[in-house]
Amino acid sequence: MPDEPPIVIHDTASGELRELMAGDDGSVGIYACGPTVYNRIHIGNARPFVVFSWLKRFLDARGLTPTLVVNVTDVNDKIYAAAAQQGIPSTELAEAMTAHYIADTDALGLGRPDHEPLATETIDGIISLIAALIERGAAYAVDGDVYFRVRADDRYGSLSHRDVEQMSQGEDDDLVGTGRKDDPLDFALWKAQKDGEDTAWDAPWGRGRPGWHIECSAMAEELLGVGFQIHGGGSDLVFPHHENEAAQTRCARGAELAQIWMHNGMLEMRSAGGASEKMAKSVGNVTLLPDAIAEHGRDALLLFFATGHYRQPLVYARETVAAAAARLARIAELGRSLADGPSPEALRPHRDAFFAALASDFNTAQALEALAAWVREARALDGPGRDDLVAMLSIFGLENVLEAGAEPEAADLELLTAREAARAAKDWAEADRLRGALAERGWQVRDGADGAELVPLR
RNA sequence: GGCGCCGUGGCGGAGUGGCUACGCAGCGGCCUGCAAAGCCGUCUACACCGGUUCGAUUCCGGUCGGCGCCUCCA
């Protein structure tokens, strides 16, 4: 397709829009941080999964060949703690929660990422990356632990725009006084096995397990190489997680891990007082993804995600998702009345605007505006082909809403026929009664110029 | 306190130096036996105070308010 606008994405590191530079073969590597599997995921966790799955679909549609990697962190302090509380082995908990995560995200119907590496299956890569850091003097081992020397990286802080001089690393700060860490800023790459920890691997500096940040550097590099196009995740990961990832790879490989750092905004919950706050396990205001899907359906939930720009916070509330459902129902209604086939040139500008909006920092809200315009004008035409509509909805994984619903049964059609007879006889009371009977069976009657039809009640 | 982001019509939520975003909801009308859907119209906003400008919701400065990160967190 000629004259396609360049794809630009907001880069957290530079704070600017940057053009996506695909490989010569059109390849685009995308790494998005996935869940730590210690309990089930909530809708907030689903946002990056959705956004980056959509981004992949969009790049596909643009003729590029994206590779999406979403990792699973399956060894971690939180997992140990949760497993201990339940009195089960940590591996058992991690495996169970990973299975839940797969099932819950499967229910979004967006397919799977190309790779979903487990931290525990990347131990070799993690160890060699740590070894490279030690070799270069950017890390040091102490009694079985290994720490990253933050001050070895003169660009540390450049991603999150923080001044090294006024940072504290938080994690393991209590170790500073013991002299284990050379500097309070240093963070763990490898943690020696402690009592009660039931998973550990042998490493040159002792038996233990990897720190959180190093896992991602290793998994990303292993599957996408260094210097891939997009590294993504929630904005709450910018510091310290992504800052540390960037520093590790920079110091070990002498190159940047990713070209563009792309962060989605938080999903917020409206509290009783009317204010909004981030949905987080630690805040205790979560709605689990499977519960949200059960309540609204995955179609409505997906369109809801598309109504806001990915970088902005989005307020999850019953009413706003319901509004998305109503919007989608009307798009679907029009779409179902159209047949497959090329869409007319007259509607082309709207389709182009849809894709142009996505090319411009993946602005799904603006894309929806173009989709709305397409639908509005399509209604005025005489049964235009719906290929464009399918192409647009496919980006969001919503082309399924165009499929015909369940067919009315014979009993339903009998009621409809009876109603038509009542109408012909001008027996309005009986006609209304029959319409009520059909409503109870899940059908809404629509009286059109070509006679009455049944559509599923929404 | 530091860093980043944001304050848009009843609600959600884009965007722009001058031209109605869009959606949902409401209201009036057309259509309809009544509805539904659709169509037309309507309510038509950009926190506040300064500044730049012929002109600012859009740029700059300040005030107030909100959110995120700075501790595990998508």
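Above this text sits the structure in question.
Throughout what follows, the structure given in this document is the object of discussion. Since the structure is predicted, the reported quantities are computational estimates derived from the model, not experimental observations. (Residues numbered from 1 in each chain as written. Chains lettered and ligands numbered in written order. Predicted model: local features only at pLDDT ≥ 70, side-chain atom pairs only at ≥ 80, totals over all residues. Heavy atoms only, no water.)

Re the sheet that holds strand β5 (residues 139-142)
Pairing is antiparallel across the open sheet formed by four strands, whose spatial order is β5-β6-β7-β8. Of all strands in the sheet, those with a lone pairing partner are β5 and β8 (208-210), marking the two edges. Taking each pair of neighbouring strands and ignoring which way they run, the sheet shows an average axis angle of 20°. Sheet contacts for helix α4 (residues 123-135): β5, β6 (145-148), β7 (187-192) and β8; angle to β7, the most-contacted strand, approximately 125°. (Pairing = 2+ DSSP bridges. Helix = DSSP H or I, 4+ residues; strand = E, 2+ residues; numbered from the N terminus. Axes fitted to C-alpha atoms, helices over the stretch in contact; angles between N-to-C directions. Contact = heavy atoms within 4.5 Å.)

A closer look at the nonpolar core
Judged by nonpolar contacts, the single largest core of 81 residues is most densely connected at Phe-58, Tyr-316, Phe-354 and Leu-389. By residue number, the principal contributor to this core is helix α1 (residues 43-61), which donates 10 residues. Every residue in contact with Leu-389, bar those within four places of it in the chain, is listed here: Ile-331, Leu-334, Gly-335, Leu-371, Trp-374, Val-375 and Leu-402. Ile-123, Tyr-156, Phe-239 and Ala-252 belong to the second largest nonpolar core, which has 26 residues in total. (Core = buried A, V, L, I, M, F, W, Y, C linked by side-chain atoms within 4.5 Å. Buried < 20%, exposed > 50% of the residue type's maximum accessible area, 1.4 Å probe, protein only.)

With respect to the packing of helix α8 (residues 298-306) against helix α9 (residues 318-336)
Between α8 and α9, whose axes approach to 8 Å, the crossing angle comes to 105°. By the criterion of interaxial angle, the relationship of α8 to α9 is roughly perpendicular. Facing Asp-299, Ala-300, Leu-301, Leu-303 and Phe-304 of α8, the residues of α9 in contact are Thr-320, Val-321, Ala-324, Ala-325, Arg-327 and Leu-328. Of the residues belonging to the contact of α8 with α9, the class tally is eight nonpolar, one polar and two charged. (Parallel < 35°, antiparallel > 145°, perpendicular 65-115°, else oblique. Nonpolar A, V, L, I, M, F, W, Y, C, P; charged D, E, K, R; others polar.)

Regarding the pairing of strand β9 (residues 228-234)
Counting buried positions over the seven residues of β9 gives seven, a clear majority of the element. Strand direction decides the pairing type here: strand β3 (residues 27-32) and β9, joined by three bridges, are parallel. Its bridge partner lying in β9, Ile-30 is registered against Ile-230. Handedness of the β9-helix α6 (residues 238-253)-strand β10 (residues 258-264) crossover: right-handed. (Right-handed = clockwise from strand over helix to strand, strands pointing away.)

Focus on the protein's contact with RNA strand B
Around RNA strand B sit 60 residues in total, of which Trp-212, Gly-234, Leu-237, Lys-278 and Glu-369 are the nearest. Within 4 Å of the protein, the contacting atoms of RNA strand B are 71% sugar and phosphate, with bases supplying the remainder. Residue Arg-379 places a side-chain N or O atom 3.2 Å away from a sugar or linking oxygen belonging to RNA strand B. Arg-419 places a side-chain nitrogen or oxygen 3.3 Å from a base oxygen of RNA strand B. Within the surface near RNA strand B, the residues separate by chemical class into 15 nonpolar, 24 polar and 21 charged. (Near = heavy atom within 4 Å. Polar contact = N/O pair within 3.5 Å; in protein donor to acceptor, adjacent residues only side chain to side chain.)

Quick look at the state of the cysteines
Applying the stated rule across the entire model yields zero disulfides. Cys-33 supplies the cysteine sulfur nearest to Cys-216, a cysteine that is in no disulfide, at a spacing of 3.8 Å. Between Cys-251, a free cysteine, and Cys-216, which holds the nearest cysteine sulfur, the sulfur-to-sulfur gap is 17 Å. Look at Cys-251 and you get buried, because its relative accessible area is 12%. (Disulfide = S-S within 2.5 Å.)

A look at the pattern of salt bridges
Taken as a whole, this structure holds 31 salt bridges when the rule is applied. Between Asp-388 and Arg-351 there is a salt bridge, with the nearest N and O atoms lying 3.8 Å from each other. Highlighted residues: Asp-388 in helix α12 (residues 387-395) and Arg-351 in helix α10 (residues 348-359), separated in sequence by 37 residues. The pair formed by Asp-388 and Arg-351 is uniform in burial state, with each residue classed as buried. One network of salt bridges, in which partners are shared, links Asp-77, Lys-191, Glu-197 and Arg-209. (Salt bridge = Lys/Arg side-chain N within 4 Å of Asp/Glu carboxyl O.)

Here we look at the sheet that holds β3
Adjacent strands of a sheet pair through backbone hydrogen bonds, lying either parallel or antiparallel. A sheet is described by the order of its strands in space; here four strands give the open sequence β4-β3-β9-β10, paired in parallel fashion. Unpaired on one side and paired on the other, β4 (65-70) and β10 mark the two borders of the sheet. Within this sheet the neighbouring strands show an average axis-to-axis angle of 20°, counted without direction. With respect to the sheet, α1 is in contact with β3, β4, β9 and β10, its orientation differing from that of β4 by roughly 165°.

Here's the deal with unusual backbone geometry
Residue Pro-240 is bonded to the preceding Phe-239 through a cis peptide linkage, with omega at 0°. Considering the arrangement of structural elements, one finds Pro-240 in helix α6. Positive phi, normally seen in glycine, also occurs at Asp-143, with a value near 50°. Residue classification places Asp-143 among the exposed positions, given a relative accessible area of 63%. The phi dihedral of Asp-361 is positive, around 55°, even though this residue is not glycine. By the element assignment, Asp-361 lies in the loop between α10 and α11 (364-380). Classification of Asp-361 by relative accessible area gives buried; the value is 3%.

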